[in-house]
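Architecture and fold: a report
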Amino acid sequence: PDLGSGASRHGGSSPSARTNGLKFSFRNRPENCLPISGIKMKKARPGYDSIYLNLASQLALRSHCVKMQVGAVIAKDTRIVSLGYNGPPAGTHNCDEEWPETGCPRSEKGGCSLALHAEENAILYAAKNKVDLEGATLYLTLSPCLPCARMIYTTGIKKVIYQNSYSDYKGFQLDEGVEFLKKFGVKVSKFSVEEKANP
């Protein structure tokens with residue numbers, strides 16, 4: 001009898017079947033045994049861009065800003081060299097505690113009067129610890145504003161990858177920070193879902 005008829009003779013719930021006088025047990029099959037097809041599925045490996053942007057997203061959750069939470073990661077030769085998220089300088093006020101409804105007072109230009117941007121904090125931390133950022137890559141959950149773009153360019157960072165657009169968030173027609181960096185040779189790109197599977 002074939003394996004199918006043997007299996008039916010022992011009942012559908014039986015873990016074993018007979019064929020040609022031999023008994024095959026399907027119970028306690030070794031975990032490293034390949035499927036019947038002999039094809040072992042390759043595990044998908046996330047790329048560094050995906051890993052570092054996911055980390056930046058987690059860092060953003062630590063922000064005290066009540067308007068927008070932003071995270072930043074700076075990597076060099078695939079190693080993290082600095083981190084940051086937007087918020088006030090250490091030792092001042094936390095916006096969500098002092099002004100939970102409105103956020104910190106506005107400056108004359110309508111921006112935050114107190115908070116540092118995520119990329120500013122990451123760059124300042126690197127400078128404080130004498131970390132050379134020449135040739136590094138900056139990962140951001142929000143593309144940089146123009147003043148931050150100038151700072152990014154000055155530090156020697158050569159690549160910026162971001163998730164969301166600053167101009168879309170602010171309602172501007174032009175992403176000035178991105179355009180500035182591109183104009184002066186810094187590679188800037190918006191992260192796409194397809195890049196998550198890169199090796």
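All of these numbers come straight from a predicted model, not from anything done at the bench.

This part covers the side chain of Glu-119. If you trace the backbone, Glu-119 turns up in helix H4 (residues 118-128). Of the buried charged residues, Glu-119 lacks a salt bridge, with Arg-150 as the closest side chain of opposite charge at 12 Å. Apart from residues lying up to four places away in sequence, Glu-119 is in contact with Ala-72, Leu-138, Leu-140, Pro-144, Cys-145, Cys-148 and Ile-152.

Quick look at the packing of aromatic side chains now. With the rule as written, the count across this model stands at seven aromatic pairs. Taken together, a centroid distance of 6.2 Å and an interplanar angle of 85° make the contact between Tyr-153 and Phe-180 edge-to-face. Taken together, the residues span a long stretch of sequence, with Tyr-153 in helix H5 (residues 146-155) and Phe-180 in helix H7 (residues 176-183) at a distance of 27 residues. Judged by centre distance (5.0 Å) and plane angle (50°), the ring pair of Phe-180 and Phe-184 falls under tilted. Given a relative accessible area of 40%, Phe-184 falls into the partly exposed group. Connected via pairs of aromatic rings, a cluster forms that spans Tyr-48, Tyr-52 and Tyr-139.

What follows is about the layout of surface pockets. Computed from the structure, the second largest pocket encloses a volume of approximately 150 Å³. Every residue along the wall of the second largest pocket is listed here: His-64, Tyr-85, Asn-86, Gly-87, Pro-88, Pro-89, Ala-90, Asn-94 and Asn-121. The class makeup of the residues in the lining of the second largest pocket is four nonpolar, five polar and no charged.

Once that is clear, we can look at unusual backbone geometry. The phi angle at Asp-77 is positive, at roughly 55°, despite the residue not being glycine. One non-glycine residue with positive phi stands out, namely Lys-130, at about 55°. Looking at the secondary structure, you find Lys-130 in the loop between H4 and strand S5 (137-142).

Turning our eyes to something else, we now look at the packing of H5 against H7. Their axes nearest at 7 Å, the elements H5 and H7 cross at an angle of 25°. Taken together, H5 and H7 sit at an angle that is classed as roughly parallel. Judged by the twist between their axes, the crossing of H5 over H7 is right-handed. Contacts between H5 and H7 involve Leu-146, Ala-149, Arg-150, Ile-152 and Tyr-153 from the former and Glu-176, Gly-177, Phe-180 and Leu-181 from the latter. Partitioning the contact of H5 with H7 into residue classes produces six nonpolar, one polar and two charged.

Below, the discussion takes up the environment of Leu-181. Tracing the chain through its elements places Leu-181 in helix H7. Residue classification places Leu-181 among the buried residues on the basis of a relative accessible area of 0%. Each C-alpha atom, one on Leu-181 and one on Lys-159, is 9.1 Å from the other, the two residues being 22 residues apart in sequence.

Here we have five strands laid out as an open sheet, ordered S4-S3-S5-S6-S7, and mixed in their pairing. This sheet does not close on itself; its edge strands, each paired only once, are strand S4 (79-85) and strand S7 (187-190). With direction set aside, neighbouring strand axes in the sheet form an average angle of 15°. Bridge count between strand S3 (residues 71-76) and S5: four bridges; the pairing is antiparallel. For Val-73, the partnering residue across the bridge sits in S5 and is Tyr-139. H4 contacts S3, S4 and S5 of the sheet and is inclined by roughly 130° relative to S4.

Residues Ile-74, Leu-138, Ile-157 and Val-160 are the most contacted members of the largest nonpolar core, which totals 24 residues. If you list the elements that add at least two residues to this core, you get S3, H4, S5, H5, strand S6 (159-164) and H7. Element by element, the count of residues in this core is highest for H4, at four residues. Leaving out residues up to four positions away in the same chain, Val-160 has contacts with Leu-138, Leu-140, Pro-144, Ile-152, Leu-181, Val-186, Lys-187, Val-188 and Ser-189.

Definitions and cut-offs
Residues numbered from 1 in each chain as written. Predicted model: local features only at pLDDT ≥ 70, side-chain atom pairs only at ≥ 80, totals over all residues. Heavy atoms only, no water. Helix = DSSP H or I, 4+ residues; strand = E, 2+ residues; numbered from the N terminus. Buried < 20%, exposed > 50% of the residue type's maximum accessible area, 1.4 Å probe, protein only. Lys, Arg positive; Asp, Glu negative; His and termini not counted. Salt bridge = Lys/Arg side-chain N within 4 Å of Asp/Glu carboxyl O. Contact = heavy atoms within 4.5 Å. Phe/Tyr/Trp six-rings, centres within 6.5 Å; stacked < 30°, edge-to-face > 60°. 1 Å grid on protein atoms, 1.4 Å probe; cavity = no way out; pocket = protein on both sides within 12 Å on 5 of 7 lines; lining within 4 Å. Points joined across faces, edges and corners; volume = space filled by probe spheres on them. Nonpolar A, V, L, I, M, F, W, Y, C, P; charged D, E, K, R; others polar. Axes fitted to C-alpha atoms, helices over the stretch in contact; angles between N-to-C directions. Parallel < 35°, antiparallel > 145°, perpendicular 65-115°, else oblique. Left-handed = near helix turned anticlockwise from the far one by under 90°. Pairing = 2+ DSSP bridges. Core = buried A, V, L, I, M, F, W, Y, C linked by side-chain atoms within 4.5 Å.

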